[in-house]
Amino acid sequence: MSVTAIKASKAKDTDAEGDGKAAKGGKRKKLLLLVAGVLVVALAAYWFVLKPSASADEGPKPGAILPLESTQINLASGHYLKVGIALQLVEGAPEELDGSKALDATIELFSGRTVEEVGNAGKRKELKEELETTLEKAYEEEVMGIYFTEFVTQ
């Protein structure tokens, strides 16, 4: 065989290998595009069909805030607490609620406690949560939270 024939034979072999690699690369691209397409369809199905609606998870929406007058409560050892609260009403609740239930529950919860107890931030948070729970029941779900507008011990 001549040198030219050998070179031509090697060139044919190289072209055949290149075509095989190109075929494998084409298959990979098609597979990659297919996987990406399936992923896009799955995400679209979740987004439009399976995604839980936000309104199903929502609780009551906040309405007006009803501030109540401050009151003084006797604590232990001759001390007192001046506390003011505001009620966070739910949307649609009457804005003219009688605050006497809230004041009574506040007095009952804080009366006789020590200054150290009501002055401790962690304990005060627990007491506030307890008061919120009590008021939610007392006002039959018309109140969804409370705010301390004044909190002074002496």
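Computed from a predicted model, the values in this text were never measured in an experiment.

Draft legend 1. Geometry of the overall build of the chain. Looking only at helices and strands, the chain features 5 helices and 4 strands. What you see in the chain, going N to C, is helices and strands ordered as α-α-β-β-β-α-α-α-β. Residue burial in the chain is summarised as follows: out of 154 residues, 20% are buried. Taking as baseline every contact in the chain between residues at least 6 positions apart, the subset at least 24 positions apart corresponds to 66%. Approximately 11100 Å² of the chain is accessible, and the part contributed by carbon and sulfur atoms is 57%.

Draft legend 2. Main features of the packing of helix H3 (residues 100–110) against helix H5 (residues 121–138). Where H3 contacts H5, the two axes come as close as 10 Å, and the packing angle between them is 145°. In terms of crossing hand, the pair formed by H3 and H5 is right-handed. Contacts between H3 and H5 pair Lys 101, Ala 102, Ala 105, Thr 106, Leu 109 and Phe 110 from the former with Leu 127, Glu 130, Leu 131, Thr 134, Leu 135 and Ala 138 from the latter. The class makeup of the residues in the contact of H3 with H5 is 8 nonpolar, 2 polar and 2 charged.

Conventions adopted
Residues numbered from 1 in each chain as written. Predicted model: local features only at pLDDT ≥ 70, side-chain atom pairs only at ≥ 80, totals over all residues. Heavy atoms only, no water. Helix = DSSP H or I, 4+ residues; strand = E, 2+ residues; numbered from the N terminus. Buried < 20%, exposed > 50% of the residue type's maximum accessible area, 1.4 Å probe, protein only. Contact = heavy atoms within 4.5 Å. Areas by Shrake-Rupley, 256 points an atom, 1.4 Å probe, with all protein chains shown as cover. Axes fitted to C-alpha atoms, helices over the stretch in contact; angles between N-to-C directions. Left-handed = near helix turned anticlockwise from the far one by under 90°. Nonpolar A, V, L, I, M, F, W, Y, C, P; charged D, E, K, R; others polar.

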